[in-house]
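Listed below, chain by chain, are the residues.
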Amino acid sequence: MRRNDVRDMLARGEAAVVAWMSTDSPYLAEVLSYCGYDAVTVDLQHGMFDVGRAIQLLQAVSSGPAVPLARCSGLDPAQIGKLLDGGAYGIICPGVDTAEQAAAFVRACRYPPRGARSFGPSRGLLYGGSDYVDHADDTVLTWAMIESKDGLANLDAILATPGLDGVFVGPNDLALSLGERPGTLPLSEKVTAAMSEIATAARAAERWAGAFAPDADLARRLIDSGYQFVAPGNDVSVLRQAAAQRIAVARGGSGAAAKDSAVRDLPGSSGY
Ligand code: 3PY
Ligand code: MG
């Protein structure tokens, strides 16, 4: 089976930088795959497309070197199975608040006896190879998103879930759940403290920590603090920032100031 380069990087202690797609263009998916990102995540939770288009995006990602990943729209085993059959090499599941949910998520990603994934790998076979069924369970990455007070309270139990590879922080929902406004940079003290607690707990449990990072500077700081899988904003936030900068420079202003103003106000500073 084709190896999962991101899993290999994480195992070597390296950090993966991940693109996050909310738009529905296979061409853009292909461009991002060739851009230098280690993986491209197609985001079915907040992306502007459905599961059929997500599979086309995964196809486009896999025409380039980046690893194709998907965020499912929720803890839905049927959808997770379809994304894996569509060739996703990892699933990021939003809103995992309890150990039971984490176990159900892992069950959806693993074949019996480790889980309850149904057989029918379709495109997974084409992308992964004819021995897909023998190695899929050890290849596909499982990320449970921690993005609520409950997720934080149950962090150790979630991290203890057999077969779970890592936890992935959603700082915007986490901020909301902690009673704060999402999209403030720098992140609030509460969110920063929670994120540092998550990295420490993940390391102690021998799991990887990942996070969505509203901007690139924060992504760098997260890597410095132990995060090994970071998504520095989604495709639209990258475009918005580049556009604001170019417009300002073309008009004779300062690109840096435009960049700041593009990320200062919601929704720019949320990474969306
Ligand atoms: C969040 O910040 O809540 C996310 O889910 C990031 O995508
Ligand atoms: Mg979220």
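Please read all numbers here as calculations on a predicted model, not as lab measurements. Each chain carries its own residue numbering, running from 1 in the written order of its sequence. Chains and ligands are labelled sequentially in the order written, the chains with letters from A and the ligands with numbers from 1. Residue-level local features of this predicted model are given only where pLDDT is at least 70; pairs of side-chain atoms are given and counted only at 80 or more, and the full residue set underlies all totals for whole chains, interfaces and linings. In computing side-chain values, all of the structure's heavy atoms are included and hydrogens and water are not.

Asks: Break down the coordination of the magnesium ion (ligand 2) for me, citing the residues and quoting the values.
Replies: Here the magnesium ion (ligand 2) is held by Glu147 (OE) and Asp173 (OD), and the distances to it run 2.0 to 2.1 Å. Taken as a pair, Glu147 in the loop between strand E5 (141-146) and helix H8 (149-153) and Asp173 in helix H10 (residues 171-177) lie far apart in primary sequence, 26 residues in all. For Glu147, a relative accessible area of 7% translates into the label buried. We classify Asp173 as partly exposed; its relative accessible area is 31%. Coordination here is defined by N, O and S atoms within 2.8 Å of the metal (3.2 Å for Na, K and Ca), and since water is not considered, a site can look incomplete. Secondary structure is summarised from DSSP: a helix means a run of H or I of at least four residues, a strand means a run of E of at least two, and numbering begins at the N terminus for each. Summary of the burial criterion: residues with accessible area below 20% of their type's maximum are buried, those above 50% are exposed, and those between are partly exposed, where the area comes from a 1.4 Å probe applied to protein chains only.

Asks: So what's going on with the pairing of strand E4 (residues 90-93)? Which residues, and what values?
Replies: Of the two faces of E4, the one holding Gly90 and Ile92 and the one holding Ile91 and Cys93 are both buried throughout. In this analysis, strands are considered paired if DSSP registers two or more bridges between them. Sheet topology note: the strand E3 (residues 67-71)/E4 ladder contains 2 bridges and is parallel. Bridge assignment links Arg71 to a residue of E4, and that residue is Ile92. This β-α-β element, E3 to helix H4 (residues 77-85) to E4, shows right-handed connectivity. In this sheet, E5 lies alongside E4 in parallel orientation, the contact comprising 4 bridges. Crossovers are marked right-handed if the path from the first strand over the helix to the second runs clockwise, as seen with the strands pointing away from the viewer.

Asks: For the packing of aromatic side chains, give the residues involved together with the corresponding values.
Replies: Any Phe, Tyr or Trp ring, taking Trp's six-membered ring, that has another such ring centre within 6.5 Å forms a pair; planes under 30 degrees apart are called stacked, those over 60 apart edge-to-face, and the others tilted. A complete count under the given rule lists 8 aromatic pairs for this structure. Plain terms: the ring middles of Trp143 and Phe229 are 4.3 Å apart, the flat faces sit at 20° to each other, and that makes the pair stacked. Taken as a pair, Trp143 in strand E5 and Phe229 in strand E8 (residues 229-232) lie far apart in primary sequence, 86 residues in all. Given the relative accessible area of 0%, Trp143 is considered buried. On the basis of an interplanar angle of 75° and a centroid distance of 5.7 Å, the ring pair of Phe168 and Phe229 is categorised as edge-to-face. One end of the pair, Phe168, is in strand E6 (residues 166-169); the other, Phe229, is in strand E8, and 61 residues separate them in sequence. On the basis of relative accessible area, Phe229 is assigned to the buried category, the value being 1%. Think of it as a cone above the ring: NZ of Lys or CZ of Arg counts as a charge over the ring if it is within 6 Å of the ring centre and within 35 degrees of the ring normal. Here Arg2 stacks its cationic end above the ring of Tyr127, 3.7 Å away from the centre of that ring.

Asks: Describe the side chain of Arg117, and please don't skip the residues or the numbers.
Replies: Considering the arrangement of structural elements, one finds Arg117 in the loop between helix H5 (99-109) and helix H6 (123-128). Since its relative accessible area comes to 4%, Arg117 is described here as buried. Side chain to side chain, Arg117 and Asp85 meet in a polar contact 2.8 Å long. N or O atoms within 3.5 Å of each other form a polar contact, as long as, within protein, one can give a hydrogen and the other can take it, and as long as residues adjacent in sequence are counted only when both atoms are side-chain atoms.

Asks: So what about the environment of Arg123? Which residues, and what values?
Replies: Assignment of secondary structure puts Arg123 in helix H6. For Arg123, a relative accessible area of 15% translates into the label buried. A C-alpha to C-alpha distance of 28 Å links Arg123 and Glu14, two positions 109 residues apart in sequence. At 2.7 Å, the side chain of Arg123 forms a polar contact with the backbone oxygen of Gly86.

Read these as geometric descriptors, not functional statements.
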